[in-house]
Amino acid sequence: MEIDMKFIKQLFVVLTLLCVNQAFAEPELGKDYKVLNSAQSVPAGNKIEVLEFFFYGCSHCFKMHPTLTAWEKKIPKDVELIYVPTIFNASWEPMARTYYTLELLGQGMRLHDDLFNAWNVNNIDLSDKAKIVDFVGQRGVDRKKFSDTYNSFTMQSKISRSKQLAKIYGIRGTPSLTVDGKYLISGLGPDESIQVLNAMIDKARKERLVKR
């Protein structure tokens, strides 16, 4: 049986184009994103707000991290990315406190990669304050300042706010992304998430222009 190589090549091109079109198709409501039942207010006149709900020990968050980091380096000027360390149970709270403590000490993202790697690559136990203090201290963070901030009153308000945000946005898993207090993206792979994220940002931007 003779094989028509020209036909095979044409078929390959068609299939490739179909895959490309599918990859860049308009995000589908209910499948790629959800509209929140109750839109949350964001500061009027400010940038389009993107929240990432994450946990350092979440393998899916770890996979999302490099893709989101690369996206953040090219983030549009009218968009702001805010990280929300999520607390689904008591065992997640130490990492939320760690993130916020470093943020309050002005070292917000310096150990972001290290903390992800500790959990997902190096299997380092960061389940309690003492172990966390030792971990960050080895990486140049003042142990006393970290410890004092970790247990501060300001910290408690941040922890309460994190729990509140997860509740009002209906977060059921990590990582989850929200856009401008209206749209929720969850359950997609890293590349798909960023594609839908960009589409939702464009949508939010157009909606803001209409309101002006």
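A short tour of the structure in this document, coming up. (Residues numbered from 1 in each chain as written. Predicted model: local features only at pLDDT ≥ 70, side-chain atom pairs only at ≥ 80, totals over all residues. Heavy atoms only, no water.)

In a regular helix each residue adds 1.5 Å, so 15 residues correspond to 21 Å; helix α2 (residues 59-73) covers 22 Å between its end C-alpha atoms and thus fits that length. At His-65, α2 shows its maximal kink, close to 35°; a proline, Pro-66, follows between one and four residues later. Structurally, α2 contributes buried residues whose contacts are with β2 (48-54), β3 (79-85), α4 (112-120) and α8 (190-211). (Helix = DSSP H or I, 4+ residues; strand = E, 2+ residues; numbered from the N terminus. Expected span 1.5 Å × (residues − 1). Bend = angle between axes of the 7 residues up to and from the residue. Contact = heavy atoms within 4.5 Å.)

Ranked by size, the top nonpolar core spans 56 residues in total, and within it Trp-71, Val-179, Ile-185 and Leu-197 carry the most contacts. Examining the composition of this core, we find that seven residues originate from one element, α8, more than from any other. Discounting residues that sit within four places of it in the chain, Ile-185 has contacts with Asp-32, Tyr-33, Pro-175, Ser-176, Leu-177, Val-179, Ser-193, Val-196, Leu-197 and Met-200. (Core = buried A, V, L, I, M, F, W, Y, C linked by side-chain atoms within 4.5 Å. Buried < 20%, exposed > 50% of the residue type's maximum accessible area, 1.4 Å probe, protein only.)

Pairing of strand β1 (residues 34-35) with strand β5 (residues 183-186), which is carried by two bridges, proceeds in the antiparallel orientation. Residue pairing across strands places Lys-34 opposite Leu-184, the latter belonging to β5. (Pairing = 2+ DSSP bridges.)

With respect to the helices and strands, the residue His-65 is situated in helix α2. Take His-65: its relative accessible area is 11%, and that puts it in the buried class. In terms of polar contacts, His-65 uses its side chain to reach the side chain of Asp-113, at 2.5 Å. (Polar contact = N/O pair within 3.5 Å; in protein donor to acceptor, adjacent residues only side chain to side chain.)

Judged by pairing direction, the sheet is mixed, and its five strands sit side by side in the order β1-β5-β4-β2-β3 without closing on themselves. The open sheet terminates on both sides in strands that have one partner only, identified here as β1 and β3. Taken together, the four bridges between β2 and strand β4 (residues 176-179) define a ladder with antiparallel strand orientation. Its bridge partner being in β4, Leu-51 is matched across the sheet by Thr-178. Along the sheet, helix α3 (residues 93-104) makes contact with β2 and β3, crossing β3 at roughly 135°. Those strands touched by α8 are β2, β3, β4 and β5, and its axis lies near 175° from that of β5. (Axes fitted to C-alpha atoms, helices over the stretch in contact; angles between N-to-C directions.)

Here we take up the packing of α3 against helix α7 (residues 153-168). The interhelical angle for the contact between α3 and α7, taken along N-to-C directions, is 125°, at an axis separation of 10 Å. It follows that α3 is oblique to α7 by the angle criterion. When you trace α3 past α7, the crossing you get is right-handed. Residues Glu-93, Ala-96, Arg-97, Tyr-100, Thr-101, Glu-103 and Leu-104 of α3 form the contact with α7, whose own contacting residues are Thr-154, Met-155, Gln-156, Lys-158, Ile-159, Ser-162 and Lys-163. Among the residues forming the contact of α3 with α7, the class breakdown is five nonpolar, four polar and five charged. (Parallel < 35°, antiparallel > 145°, perpendicular 65-115°, else oblique. Left-handed = near helix turned anticlockwise from the far one by under 90°. Nonpolar A, V, L, I, M, F, W, Y, C, P; charged D, E, K, R; others polar.)

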